[in-house]
Amino acid sequence: MTKRHLARPFGALAAVSILALTAACSRDAADTETTATNSAATAPESVIEDAGPTEADAADFIAEVEKWTREFGEYYSRVAWVQATYINYDTNWLVTKADTEATEKGVEFANEAKRFNDLDLPTEMRRKLEAIKLGVNLPAPSRPGAAAELAEINTRMGAAYETGKIELDGKTVPRSDLEVMMGEIRDPAKLQEIWTKWREVPVTADADGNTIKSDYAKMVKLANEGARELGYADAGAMWRSRYDMDPNAFAAEMDRLWGQVKPLYDELHCYVRAELNEQYGDDVVPLDQPIRADLLGNMWAQTWGGLNDLAAPEGASPAYDLTDQLVAKGYDAEKIVKTGEGFFSSLGFEPLPETFWERSMITKPADREVACHASAWDLDWADDIRIKMCTSVNADDFRTVHHELGHNYYQRAYQDKSVLFQTGANGGFHEAIGDMISLSITPEYLKEIGLIDEVPDASKDLGLLMNEAMEGVAFLPFGLLMDKWRWQVFSGELTPETYNEGWWNLREEYQGIRPPADRGANYFDPGGKYHIPGNVSYERYFLARVLQFQFHKAACDIAGWEGPLHRCSVYGSKAVGARFNAMLEMGASEPWPEALAAFTGSREMDGSAMVAYFQPLLDWLQEQNEGRSCGW
Ligand code: X8Z
Ligand code: ZN
């Protein structure tokens, strides 16, 4: 698995990780205790026995880690890129090997960083040492062979997820097609069939008898052992430690934010359940039960845009369908990406480099297995930025392209920082950049770029807000529970026997949904979501949903917008671009509240901008739901 600082695809295949990467030049674990840094060897103090490490030792150590990270990180990223865009025996072998080395080195450095725990150091050095300690996404124990075992498991899980075959009506159907079908089909039996088949993959054994489920349990054991060696309670606590605050305080912060936005979700759930009840009747959608997960227009019921037609407030449909418009105006995948680039250019960002267009994978190749889950990459800590997507011409992918480009522009903005700081202020920031831009894709903007011919008037506002809510509001509890589940797994509260039960308990409690049929303990339904076998933490997306609206509001204020937030587009605002860039170029060099303040003036993540954005819809939903018995 990967190092946070190593390879840096955002949202990429498991093996690779997310943040930036790891550490420095080589030495194996056994040497760590005895090998002094260069300065220790030359500085007079270091010859005195028992003298503790000095600031100069720490500086040398950090420089070593930075150098190794820069060099190995680029190598690792290129190996990971080749594997993600051409999955086969050999590329899996290569990525496993690189991953093993990255983990071994990262763990070694993380352990070594602890030597400086008691030294009084300048803030920036202390921050770099903390980054080194947290640099491994999933730490392996340092005993020989453990990193290789963990890397093998993770490569196998990731590849099994991406290449798992699903047959429908006697034909193997590409996974991305199945995802689209979940938003289009309205036959409950067919939906249930696709939903169920998708979830056979995590429990289907390979030739050696491994399943995603059995591998997941092995991964948990190893990663926990590794995390404990590094001084964390478990791997979940390690993941929660990346937020410049105590891991328990971070969990409480997530709950606080959820409390702010939950009223939006509760009203939306109540309304959508009633609409589904009208469509399918009491037997399929009883009004006092959680909603059947396969009916919500999405493979994971995480966003509900597939049901926009069904949810549209009467008389307030936006009068255009972005998917239809993209098709009607002859867009292809590349033109969608060009359009996204155009938005960033309008804010004053430099155009994407030529190499982006030469090296990105924008559509699904016909002749090989690839990891279709969208991701954005920075391969050389500089300008070799790319996206990897199996783009379809539809509104969903229009949004996802902006999301991915947000990662790329962030990566480019902080490229002059130390490699240890070349990541988001926190994980939520990285996911929120392109999403903030998406909120500026208003009808006015679409007209300006020629995608629609007429701007719907204010009588369509509720329809526009509803579409946005089916995306952003619907997502909130899913964004929250993914890692609640993982935290329970890593802490041992859930075991392989209770993985699935624990999953559905959370799905019911937070989302108010239920499986279409009983799911026994033998299933592993969380494994049907990319980020679980991929070991990509998910709290970042929940935070991004909140930050996205907070950023949007700040941007609209900077642009001097005075109308309703959902009609604000900051397209073309150089003032917004400049302030935005001030936050982006900081990377993780300062605690995230400083970055947040640089753009928004606030030092707290805050759900109130999201609530303000949706206020007119919330009022309307409350009226609609009057007399209904909401909840489950
Ligand atoms: O995984 C992603 C991105 C890559 S970072 C496409 N997202 C989450 C998901 O698909 O589940 C974006 C929204 C949530
Ligand atoms: Zn992302």
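Data block above holds the structure.
Residues numbered from 1 in each chain as written. Chains lettered and ligands numbered in written order. Predicted model: local features only at pLDDT ≥ 70, side-chain atom pairs only at ≥ 80, totals over all residues. Heavy atoms only, no water.

Any aromatic ring pair is given by two values, namely how distant the centres are and how the planes are angled relative to each other. Using the criterion set out here, one finds 44 aromatic pairs in the structure. Pairing phenylalanine 72 with tyrosine 76 gives two aromatic rings, centres 6.2 Å apart and planes at 35°, and the pair type is tilted. One end of the pair, phenylalanine 72, and the other, tyrosine 76, are both in helix H2 (residues 55–84), four residues apart, so they sit about a helical turn from each other. In this structure phenylalanine 72 comes out as buried when scored by relative accessible area, which is 7%. One aromatic cluster is present, built from ring pairs that chain together Phe61, Trp68, Phe72, Tyr75, Tyr76, Phe109 and Phe116. Lying over the aromatic face of tyrosine 161, arginine 175 brings its terminal NZ or CZ to 4.5 Å of the ring centre. Sitting over the face of the ring of tyrosine 523, arginine 519 holds its NZ or CZ atom 3.7 Å from the ring centroid. (Phe/Tyr/Trp six-rings, centres within 6.5 Å; stacked < 30°, edge-to-face > 60°. Helix = DSSP H or I, 4+ residues; strand = E, 2+ residues; numbered from the N terminus. Buried < 20%, exposed > 50% of the residue type's maximum accessible area, 1.4 Å probe, protein only. Lys NZ or Arg CZ within 6 Å of the ring centre and 35° of its normal.)

Our next topic: the coordination of the zinc ion (ligand 2). Protein coordination at the zinc ion (ligand 2): the donors are His403 (NE2), His407 (NE2) and Glu431 (OE), at 2.0 to 2.1 Å from the metal. For the zinc ion (ligand 2), the four donor atoms are set out with angles of 90 to 129° between them, so the coordination reads as tetrahedral. (Donors = N, O, S within 2.8 Å, 3.2 Å for Na, K, Ca; no water. Tetrahedral: all angles 85-135°; square planar, octahedral: opposite > 155°, others 65-115°.)

This brings us to unusual backbone geometry. Located in the positive-phi region is alanine 301, a residue other than glycine, with phi close to 55°. Looking at where alanine 301 falls in the secondary structure, it is placed in the loop between strand E3 (291–292) and helix H11 (308–311). Its relative accessible area of 0% is what places alanine 301 among the buried residues.

In this structure, aspartate 453 sits in the loop between helix H17 (443–448) and helix H18 (461–491). Note on aspartate 453: relative accessible area 52%, which makes it exposed. Between the alpha carbons of aspartate 453 and glutamine 325 there is a distance of 9.6 Å; along the sequence they are 128 residues apart. Excluding its chain neighbours within four sequence positions, the residues that come into contact with aspartate 453 are Lys329 and Lys447. Side-chain polar atoms of aspartate 453 contact the side chain of lysine 329, separated by 2.9 Å. (Contact = heavy atoms within 4.5 Å. Polar contact = N/O pair within 3.5 Å; in protein donor to acceptor, adjacent residues only side chain to side chain.)

Going residue by residue along strand E5 (residues 385–388), you find Ile385 and Ile387 tucked away on one face and Arg386 and Lys388 tucked away on the opposite face as well. Pairing between strand E4 (residues 375–378) and E5: four bridges, direction antiparallel. Within the sheet, the bridge partner assigned to aspartate 378 lies in E5 and is isoleucine 385. Remark: six residues form the turn of the hairpin made by E4 and E5, two consecutive strands paired antiparallel; tryptophan 381 in that turn has positive phi of roughly 65°. (Pairing = 2+ DSSP bridges.)

In the vicinity of ligand 1 lie 14 residues, with Gln302, His373, Lys529, His531 and Tyr538 positioned nearest. Separating an oxygen atom of ligand 1 from a side-chain N or O atom of glutamine 302 is a distance of 3.1 Å. Between ligand 1 and histidine 373, the relevant distance is 2.6 Å, taken from an oxygen atom to a side-chain nitrogen or oxygen of the residue. For ligand 1, whose accessible area on its own is 370 Å², the fraction buried by protein is 87%. For the shell around ligand 1, the element with the most residues is helix H15 (residues 395–413), which contributes three residues. For the shell around ligand 1, the per-class residue count stands at five nonpolar, six polar and three charged. (Near = heavy atom within 4 Å. Areas by Shrake-Rupley, 256 points an atom, 1.4 Å probe, with all protein chains shown as cover. Nonpolar A, V, L, I, M, F, W, Y, C, P; charged D, E, K, R; others polar.)

Within this structure, the stated rule accounts for three disulfides. Between the sulfur atoms of cysteine 270 and its disulfide partner cysteine 630 the distance amounts to 2.0 Å. Disulfide cysteine 270-cysteine 630: torsion about the S-S bond near -80°, hence left-handed. You can see cysteine 270 sitting in helix H10 (residues 247–280) and its partner cysteine 630 sitting in the segment after helix H23 (608–624), a full 360 residues away along the chain. With relative accessibility at 38%, the residue cysteine 630 sits in the partly exposed group. Paired by a disulfide, cysteine 372 and cysteine 390 hold their sulfur atoms 2.0 Å apart. Torsion about the S-S bond of the cysteine 372 and cysteine 390 cystine: about -85°, corresponding to left-handed handedness. Here cysteine 390 lies in the loop between E5 and H15 and cysteine 372 lies in the loop between helix H14 (354–359) and E4, a separation of 18 residues in the sequence. Grouping residues by exposure puts cysteine 372 and cysteine 390 together as buried. Once the bonded cysteines of the protein are numbered in order along the sequence, the disulfide links fall as 1-6, 2-3, 4-5. (Disulfide = S-S within 2.5 Å.)

Note that tyrosine 331 resides in the loop between helix H12 (322–328) and helix H13 (333–346). On a C-alpha basis, the gap between tyrosine 331 and aspartate 461 in space is 26 Å, while along the polypeptide they are 130 residues apart. Setting aside its immediate chain neighbours within four residues, tyrosine 331 contacts Leu326, Ile336, Thr339, Val393, Ile449 and Leu451.

Turning to the pattern of salt bridges, a few remarks are in order. Per the stated rule, a full pass over the model turns up 36 salt bridges. Between arginine 486 and aspartate 483 there is a salt bridge, and its shortest N-O distance comes to 2.8 Å. Taken together, the positions of arginine 486 and aspartate 483, both in helix H18 and three residues apart, correspond to about one turn of that helix. Each member of the pair arginine 486 and aspartate 483 is classed as buried. Across the pair aspartate 525 and arginine 519 runs a salt bridge, and its minimum N-O distance is 2.8 Å. Neither aspartate 525 nor arginine 519 differs from the other in exposure class; each is buried. Overlapping salt bridges bring together Glu74, Arg78, Arg359, Asp384 and Arg386 as one network. (Salt bridge = Lys/Arg side-chain N within 4 Å of Asp/Glu carboxyl O.)

In this structure, arginine 545 sits in helix H20 (residues 539–558). Residue arginine 545 is classed as buried on the basis of its relative accessible area, which comes to 11%. In this structure the side chain of arginine 545 is engaged in a polar contact, spanning 2.8 Å, whose partner is the side chain of glutamine 548.

What follows covers the environment of aspartate 244. If you trace the backbone, aspartate 244 turns up in the loop between helix H9 (235–240) and H10. Its relative accessible area of 39% is what places aspartate 244 among the partly exposed residues. If we skip the residues at most four places from it in the chain, aspartate 244 touches Arg127, Ala425, Pro591 and Trp592. At a separation of 3.0 Å, a polar atom in the side chain of aspartate 244 contacts the side chain of arginine 127. Looking at aspartate 244, its side chain comes within polar contact range of the main-chain nitrogen of tryptophan 592, at 3.1 Å.

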